[in-house]
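# Working through the structure, step by step
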Amino acid sequence: MTTTTLSGATSTFARADPADVDRWGGKGAGLARMSQQGLRVPPGYIIGTPACRSYLTDKRLPADLVDEIGGRLGELEVAAGKTFGGGPVPLLLSVRSGAPISMPGMMDTVLNLGLCRESAAALGRATGDSHFVADVVARFHAMYAETVLGALDPGAGVAELVAAVRGDEDPAAVYDRVWAACAQALADDTGDRVPADPRDQLLGAVEAVFRSWNTRRARTYRDFHGIPHDLGTAVVVQSMVFGNLSDDSGSGVVFTRNPVTGEPGIFGEYLAHSQGEDVVAGLRTPDPVTAALAPAVLEELRTTCAALERAQGDVLDIEFTVERSTLFLLQVRSAKRTPEAAVRIAADLAADGTAAPGVALRGVSAGQVRQVQRPVFDPAEVAAARAGGRLLTTGIGACPGQVSGALVLDPDRAAALADERGAVVLARSVTSPADLHGMIAARGIVTATGGSTSHAAVVARALGTCCVVGAGELRIDPGARTLRVGDTLLAEGDPVSLDGSTGELFAGSFATATPAAATGALRRLLDLAAAASGCEVLSRVTRPADVAAARESGAAGLVTAIDDVLAATGHLDGLVAHLLEAPAAGADGFERFTDLIAQELTPLLAAAGDLEIGVRAIDLVADESRELLQQTAVTTRHPELAVPLGRLGLLEAQVAGLARARAAAGGGARVHLAVRHVSDPAEARLVRDTAAGSGIAVGAYLTSPRGVLTIEEIAAASEVIWLEVRALQAAMFGLPPRLLLTSEPLDDYLRRGLLSIDPRRRLDPSGGGLLRRAAGVAGSARIGVRLAGEVAEDTVAQLWTLGFRRFAISTPETRPLIVALGRAAGR
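The structure displayed is predicted, hence computed values, not measured ones.

Helices and strands together make up the secondary structure of the protein, namely 35 helices and 33 strands. Relative to a compact globule of 827 residues, whose C-alpha radius of gyration would be 28 Å, the protein shows 32 Å and is just as compact. Taking the principal axes of its C-alpha atoms as reference, the protein extends roughly 105 × 65 × 50 Å. Within the span of the protein, comprising 827 residues, buried residues form 56% of the whole. Summed over all atoms, the accessible surface of the protein reaches about 31900 Å², with 51% contributed by carbon and sulfur. One finds the centroid of the 78 positive side-chain charges in the protein at a distance of 3 Å from the centroid of its 95 negative side-chain charges.

If you want it as structure tokens, here you go:
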């Protein structure tokens, strides 16, 4: 067997490059940055991600890595002034994961590592508190047994023994008693044992963290968030500080701004006499950090948070421990935030000068903007429910949103029922990483315990899922599949409604409505993104009433299609049946078509006012048209309709109808007509000649590689050109365009490795080359990109980089696209 060598696989906090996140992970890079800034960080070192990848390949730690870990341990003893596995002051360690991309709660941690009889006795002498020693021993043994050895209930029956230990007992005897009880519980559970040698403990913990990269929950999280599986995790080995040491000790998590609302000022929670896992596990409900910390510690924390936020230009999530009134920083990372908070924070960071516009925009995604637009409960129904006693309980709002769904009490059933029934609300006493699949499937999550930094809250914010935590009145019986609040008993499957802003849980369901207008923060964000990108975005509309929504979304113009307008007004079926299906549609038939276009487009052009509006000519071969017509035989019986200009009279009627609509709307509309599927310059010239003298600008929609290859000549005969990215991508892959708007079968194809790129998310390199050619065309024609479906940020970034600055998309996706373009400009 070949032995892998990994020279230079580790680094101390003082020497690691904070910019090399791929190597040292987010946690390690953050600790390195804070250490090098002179902040109070317990000393430690990092084992880089290459070591993880090597371990996962070889299933063993390389010998030189083991030696390097031992060497770093010696350096850490000197830096900390403590001794690993002995006294007089023992060095205990935390061993934590730290991936390049944050995956909160998804991988393993071991705390209080380094305990043996000698170090436990030294810890007791150093602290003067044998009860503390008993607590630390029990915590370490249980965490190591669960994390490294896979025990299910490693601390059974030990809590009572620890509670009975007095502070003045002999610490060595206490260690013997507690360790023996823990070891017996573990032996009864799995037959395994925790190593007594601290150095064996350390190597076992490092391997466990590496293995946790490929657990089911970690892979599920990466699949959901699109994180590559080949990154690996770093391991952070750090000197322990003890929040469970005394009453003036504790642990907490603080955000530099409120991650739920985006409000400025520190926001977080603190749990006195606790270690960090007590806070994030949600087993105890913590106190607000501003009320629980001593004034001097709180002021130091505020000052530190402000300095870190200014230095990094982002809202941060900081884990800290207070040991005997001294503040220590244990982690810093970009804060997970709700969509509402992300919008406000990005706008505020740019406005107050904390971050440059491009940097501020990195903190908000197109998906978050999309969620801010989501429907909300009917206020009248909510008021009636409160008055009628349907309000069950109120907890802590952890992630905004308003959802109704079937109550489910088990993550497996949540995942299954979501496929059958749609919306489900998952209720748990407390969540753990093992619940992730159910949390992803659920539309809402509610827990009985925990605060806004608990596992449920953090994961829900990362998912953008409505969440309420700390609803202490809930009594959940998983076996009976019931939830009780006071005298009210609900069974699994009953409808419930959850408000992630107010923290309220209601019995029954509510109707929902779309918010009438964007928030002021969203408006400021859109202005910021539009200025950064230098792009104009046109929104797709069908009815006059759609124009107001498009304007509100920040659209610089509008696009529509004649077949869409006629379908919306109930005329498309009749048009095909009575005009085009006739053996020979004469002038009278097309004149009636002209009248119809003028009649239905006049109100739309009038509503558009000063906005540019692009009109796509009728297209009877598109997937959408076939769906609207509910038939596929039109082009079979009339094959001339399958080509753009097969019946020139049809184009003439559309030009004439549009010209009459423009005049009827006041004559000031900036309108153009574009014909779809143009692929030859001769077609473009005929379109131009047909519209000559009408006052209507004309152009083409290009949907084929050939059309793009001849774009220079087509542009010479056109005033406007639209490139349909979905159609071009589909053509490059030989797929029907409609498949690029669905999950299957492409998701399955990608899972099986049959496609090297997801055409719904990124441009194919061959298609990108075509588009690069199109973006570089000089001349008077305005060239834009027509997008369909949800905004894919990678695709948008590629298009912006290619040089496109003009886009069209549906109105619901206009805001997400504007933000995605701003983010692309700031990359």
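Now for the packing of helix 20 (residues 520–533) against helix 35 (residues 814–825). Between helix 20 and helix 35, the shortest axis-to-axis distance is 8 Å and the interhelical angle comes to 50 degrees. Considering their axes alone, helix 20 and helix 35 lie oblique with respect to each other. Seen from above, helix 20 lies across helix 35 with left-handed handedness. In this structure, helix 20 contributes Leu522, Leu525, Leu526, Ala529, Ala530, Ala532 and Ser533 to the contact, and helix 35 contributes Arg815, Ile818, Val819, Leu821, Gly822 and Ala825.

Looking at where leucine 799 falls in the secondary structure, it is placed in helix 34 (residues 793–802). Look past the residues within four positions of leucine 799 in its chain and what remains in contact with it is Val725, Leu763, Leu771, Val785, Leu787, Phe804 and Phe807.

Here we come to the pairing of strand 22 (residues 488–491). Relative to strand 22, strand 21 (residues 482–485) runs antiparallel, the two sharing four bridges. Of the residues in strand 22, the one forming a bridge with leucine 483 is leucine 490. Between strand 21 and strand 22, which pair antiparallel in sequence order, lie two residues; one of them, glycine 486, sits at a positive phi of approximately 60 degrees.

With that settled, consider the packing of helix 4 (residues 117–127) against helix 5 (residues 130–147). Look at helix 4 against helix 5: their axes get within 8 Å of each other, and the N-to-C directions meet at 140 degrees. Looking at the two axes, helix 4 sits oblique to helix 5. Remark: the crossing between helix 4 and helix 5 carries right-handed chirality. Mapping the contact onto sequence places Ala120, Leu123, Gly124 and Thr127 in helix 4 and Phe132, Val133 and Val136 in helix 5. When its residues are assigned to classes, the contact of helix 4 with helix 5 shows five nonpolar, two polar and no charged.

Further remarks concern the sheet that holds strand 16 (residues 402–408). Here eight strands make up an open sheet; going across it, the order is 14-24-23-16-17-18-19-15 and the pairing mixed. Across the chains shown, the open sheet's two edge strands, defined by having one partner strand only, are strand 14 (391–394) and strand 15 (396–399). Each neighbouring strand pair of the sheet contributes to a mean axis angle of 30 degrees, computed without reference to strand direction. Taken together, the four bridges between strand 17 (residues 424–428) and strand 18 (residues 444–447) define a ladder with parallel strand orientation. Note that in strand 18 the partner of alanine 427 across the bridge is valine 446.

Procedures and definitions
- Positions within a chain are numbered from 1, following the residues in the order the chain's sequence is written.
- In view of the model being predicted, local features appear only for residues whose pLDDT reaches at least 70, and side-chain atom pairs are presented and counted only at 80 or more, with totals across whole chains, interfaces and linings using the full set of residues.
- Only hydrogens and water are set aside when side-chain values are computed; all heavy atoms of the structure are taken into account.
- Here a strand is any run of E in DSSP of at least two residues, a helix any run of H or I of at least four, and the numbering for each starts at the N terminus.
- Our radius of gyration is a C-alpha quantity, and the globule rule it is checked against amounts to 2.2 Å times the number of residues to the power 0.38.
- Accessibility here uses a 1.4 Å probe with only protein chains present; expressed as a share of the type maximum, an area under 20% marks a residue as buried, one over 50% as exposed, and anything in between as partly exposed.
- Each accessible area value is a Shrake-Rupley result obtained with a 1.4 Å probe; residue values ignore everything except the protein chains displayed when judging cover.
- All tallies of charge rest on Lys and Arg as positive and Asp and Glu as negative; His and the ends of each chain are not included.
- Working definition for charges: the position is that of NZ of Lys, CZ of Arg, CG of Asp or CD of Glu.
- Structural elements are reduced to axes, namely lines fitted to C-alpha atoms, with helices fitted over the stretch in contact, and the angle between N-to-C directions of any two is expressed from 0 to 180 degrees.
- What sets the label is the angle itself: under 35 degrees gives roughly parallel, over 145 gives roughly antiparallel, 65 to 115 gives roughly perpendicular, and the rest give oblique.
- The hand of a helix crossing depends on one turn: near helix anticlockwise from the far one by less than a right angle means left-handed, and clockwise means right-handed.
- The contact criterion used is simple: two residues touch if any of their non-hydrogen atoms lie within 4.5 Å.
- DSSP bridges decide pairing: two strands pair if at least two such bridges lie between them.
- Polar here means any residue outside two lists: the nonpolar Ala, Val, Leu, Ile, Met, Phe, Trp, Tyr, Cys and Pro, and the charged Asp, Glu, Lys and Arg; Gly therefore counts as polar.

Geometry only, nothing functional implied.
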